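Understanding the architecture of this molecule
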Amino acid sequence: MKHFLPLLAVALLFTACQMKTNTTSTPAVSSDYSRGAAQMAALWTEADGTAEEMAAFIEANECKTPKEKHALYLQLAHIIETITQYADMTYVELLRPTTLTGTEPGIADWMITSYSPLAHFSDDLFTNKIAFLTVLNFPHYSLEEKDSLGVNWTRDEWAYAELGDVFASRVPAAAMQKVVEANADAECYIADYNIMMKHLLTADGRRLWDEDLSLLSHWNLRDELKSDYDNQEKQEMIYQVMQRIIKQEIPAKVINSSEYDWCPYTNKVFAADGQSVKAEREKDVRYEKILAHFHAYQEEDRYRHDMPTAIQRNFEGSMQMTAKQIETLFTELVSSPELKAVGALIRERLGRDLRPYDIWYNGFKSRAAVSEDALTAITRKRYPTPAAFEADMPRMLRELGFQPAIADEICSHIAVEPARGSGHAWPAVGRQEKALLRTRIAPTGMDYKGYNIAVHEFGHNTEEVVSLYFNDHYMLAGIPATGFTEASAFLFQSRDMELLTGQKSDANSPESVLDQVWGMYEIMGVSLVDMRMWQWLYAHPEATAAELKEATLRIAAEVWDAYYEPILGEKGCCLLAIYSHMVNSPMYLPNYPIGTIVRYQLEAHFANLEPAEWAEEYMRVYRQGCLTPNAWMRGATGSEISIEPILKATREALQ
Ligand SMILES: [Zn+2]
């Protein structure tokens, strides 16, 4: 079910709901009501009927036997699959001109992109009382309950609990609209924040970049820093720019503008004639955007009795792990002796003390046995069109160990299409729909980079098909959280060379393990800052943007001093607060390291399996569907989510 949730989430944003903010009109809930009846009553409003009508509805519609209940489950699952799948197919079809190559989109094609066929899904199903019927018989369970009670649940019971999540809350459109607006606004701010590198000056007035290079904060700045390992003066300069952005001391005049020169060290701004000019700082816009998100979430909080804070909705809801569970995993990894050893190795390689920005050290690279040009020559010839890639997919699955009949069946549910933008995988929502693999192919054929990404997406699509078409319950289709599909994508991607040349790839080479774990070190730190900032916000709901900035700087320094200063130096460093996702996608970052943790745990579990066993085990594991992460991982490997496999791989890589 996690499959259609992204689309549903968009839909809920526009639901016009009749719920009154005044909940005193809710009929009193009798104490001998069942769990489902009590939850249903909490969602029932005057507009839905009188107290007597509600009692009559419960009396008439509460299932009396397990057989009745199962029959109802099948009907409801069919209704939900039908509505959401055809809505998704409509959406995909309408978006074709703007997402695929081939035709030039017109005005109407662009205009229709904001249309959501599921906009009134929740509203309609509360109005016709299907939602009440669902909640009455399939109540919602909290994450904690799923994790504890779920140990003894049958597949049926898991599916019933999953159905109980669909209508667990009823949020008015206006409240959700505020979240959408705050998000769109932050998105624009982040997407249009560039630094003109040619106009940066050292303290003694020199330019370090002479070409016109406009870099988006923070991703492009970071990538430039990573490519400057032969020029530390440039790295120090970028580090300085980032700190000015985080502290909001950056002059507003120099953002997106080539009109002035700026020295990030002295923070002085100069006109084209070299004269120093007065320049106001950016104010606290960065923190205002975060605060706007918070205020929008507070509106939503009032209607979410199931999960009354954005922190809960993000962690217990979307990720199905508590913030505490995640914080424990992350702090264990970032304070591990293994990471200290990796840091020592980097220091040895660089021949100098580490600096904070070495969090982006990029020297761990597995050397390819074959040059990229040679690989591109193969991929261009083999994949001149998307159809050629599609035709080759069953062979790839067979080579990974899947039985021919299963390989064919999986691939029959995947279509490859030419993407206009970047490659991506679009999951099927129901069993009449195909999962889509979108890839970019130049007229000269697919280059190696495109092939590598296509194999990654193929890993997503295979998971999407296995967890939907091979699942015994529609409501359990999918995965626990996004990290679990990323794990599948990486399992495939790390075997791309094998699939292309037949030679074993070294994607799990020592260098690549060290590269992965060092990358996790960075994202986990940023995630911890993001999470603690949100905890602080909920503890200080009256905060101003200036106070939020101050708190964020303090939190970033605390996280740094505890887990980063011992390896990278510089007490009180604020660098971990630079990540743009903190501003435009609150609390999304922890998904990345969870994906890597899951991947290594699966790699360890799959290690030493022959291809046929590997594929069989892959099928078994991904057919489990959207249980909680811990239940899923217990079913997959026998133990809960753990960082031990990645640490073990690190120890082996270090030797
Ligand atoms: Zn991916």
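Residues numbered from 1 in each chain as written. Predicted model: local features only at pLDDT ≥ 70, side-chain atom pairs only at ≥ 80, totals over all residues. Heavy atoms only, no water.

Looking at the packing of aromatic side chains
Threshold: The criterion for an aromatic pair is that two Phe, Tyr or Trp rings (for Trp, the six-membered ring) have centres within 6.5 Å, with stacked assigned to planes under 30 degrees apart, edge-to-face to planes over 60 apart and tilted to the rest. Where helices and strands are cited, they refer to DSSP runs of H or I of at least four residues and of E of at least two residues respectively, numbered from the N terminus. The rule is simple: take the accessible area with a 1.4 Å probe, protein chains only, and divide by the maximum for that residue type; under 20% is buried, over 50% is exposed, in between is partly exposed. Comment: the charge-over-ring label is applied if NZ (Lys) or CZ (Arg) is within 6 Å of the ring centre and within 35 degrees of the ring normal.
Applying the stated criterion across every chain yields a total of 37 aromatic pairs. Centroid distance tryptophan 219 to tyrosine 579: 6.4 Å. Interplanar angle 90°. Geometry classified as edge-to-face. Highlighted residues: tryptophan 219 in helix α11 (residues 219–226) and tyrosine 579 in the loop between α25 (565–568) and α26 (581–584), separated in sequence by 360 residues. Given the relative accessible area of 22%, tryptophan 219 is considered partly exposed. For tyrosine 579, a relative accessible area of 6% translates into the label buried. A cation over a ring is seen here: arginine 35 above tyrosine 141, with NZ or CZ 4.1 Å from the ring centre. Sitting above the plane of the phenylalanine 126 ring, arginine 170 keeps its charged end 4.4 Å from the centroid.

Section: the nonpolar core
Inclusion rule: Only buried residues count toward a nonpolar core. Its members are Ala, Val, Leu, Ile, Met, Phe, Trp, Tyr and Cys residues joined through side-chain atoms within 4.5 Å. We call two residues in contact when some of their heavy atoms are within 4.5 Å.
Membership of the largest hydrophobic core comes to 192 residues, with the highest contact counts inside it found for Phe389, Phe402, Tyr564 and Leu602. Counting residues per element, this core draws most heavily on helix α23 (residues 510–539), which supplies 16 residues. Setting aside residues no more than four positions away along its own chain, tyrosine 564 makes contact with Val334, Ile359, Tyr521, Glu522, Met524, Gly525, Val559, Gly569 and Leu576.

Concerning helix α7 (residues 130–137)
α7 sits mainly inside the fold: 8 of its 8 residues count as buried. Every buried residue belonging to α7 is among Ile130, Ala131, Phe132, Leu133, Thr134, Val135, Leu136 and Asn137, and all of these are buried. Of the surrounding elements, those touching the buried residues of α7 are α2 (35–43), α3 (51–61), α4 (66–99), α6 (121–127) and α9 (155–163).

A short note on the packing of helix α21 (residues 482–493) against helix α28 (residues 611–622)
To be explicit about the condition: Note on geometry: axes are lines fitted to C-alpha atoms, helical ones only across the stretch in contact, with angles between N-to-C directions running from 0 to 180 degrees. An angle counts as roughly parallel when it lies under 35 degrees, as roughly antiparallel when it exceeds 145, as roughly perpendicular when it falls between 65 and 115, and as oblique in every other case. What makes a crossing left-handed is the near helix being turned counterclockwise from the far one by less than a right angle; a clockwise turn instead makes it right-handed. Side-chain classes are defined by residue name, with Ala, Val, Leu, Ile, Met, Phe, Trp, Tyr, Cys and Pro counting as nonpolar, Asp, Glu, Lys and Arg as charged, and the others, Gly among them, as polar.
Where α21 contacts α28, the axes come no closer than 12 Å and their chain directions differ by 165°. As judged from the angle between their axes, α21 and α28 are roughly antiparallel. Crossing handedness for the pair α21 and α28: left-handed. Between α21, through Phe484, Ala487, Ser488, Leu491 and Phe492, and α28, the contact on the second element is made entirely by Trp614, Tyr618 and Tyr622. Split into classes, the residues belonging to the contact of α21 with α28 amount to 7 nonpolar, 1 polar and no charged.

Examining the sheet that holds strand β5 (residues 276–277)
Sheet strands pair via backbone hydrogen bonds, and the direction of the pair is either parallel or antiparallel. Applied cut-off: Pairing between strands is defined by DSSP: at least two bridges between them are needed.
One open sheet accounts for 3 strands, arranged β3-β4-β5; its pairing is antiparallel. Of all the strands in the sheet, just β3 (261–263) and β5 have a single pairing partner and so form its edges. Two strands pair when backbone bridges link them, and β3 and strand β4 (residues 268–270) are joined in this way by 3 bridges, in the antiparallel orientation. Residue aspartate 261 lies in a different strand from β4, and its bridge partner there is phenylalanine 270.

A few points about the coordination of the zinc ion
The following threshold applies: Sites may look incomplete, because water is not among the atoms used; the donor set itself consists of N, O and S atoms within 2.8 Å of the metal (3.2 Å for Na, K and Ca). Under the classification used here, a metal with four donors is tetrahedral if each angle lies between 85 and 135 degrees, square planar if opposite donors are over 155 degrees apart and the others between 65 and 115, a six-donor metal meeting that same test is octahedral, and anything else is irregular.
The zinc ion binds to the protein through His456 (NE2), His460 (NE2), Glu486 (OE) and Glu486 (OE); the donor distances cover 2.1 to 2.6 Å. Note that the zinc ion binds 4 donor atoms; their angles at the metal cover 51 to 147°, and the shape is irregular. Between consecutive donor residues of the zinc ion, the sequence gaps follow H-x3-H-x25-E. Of the two residues, histidine 456 is situated in helix α20 (residues 448–469) and glutamate 486 in helix α21; the sequence distance between them amounts to 30 residues. A relative accessible area of 29% places glutamate 486 in the partly exposed class.

In short, geometric facts, not functional conclusions.
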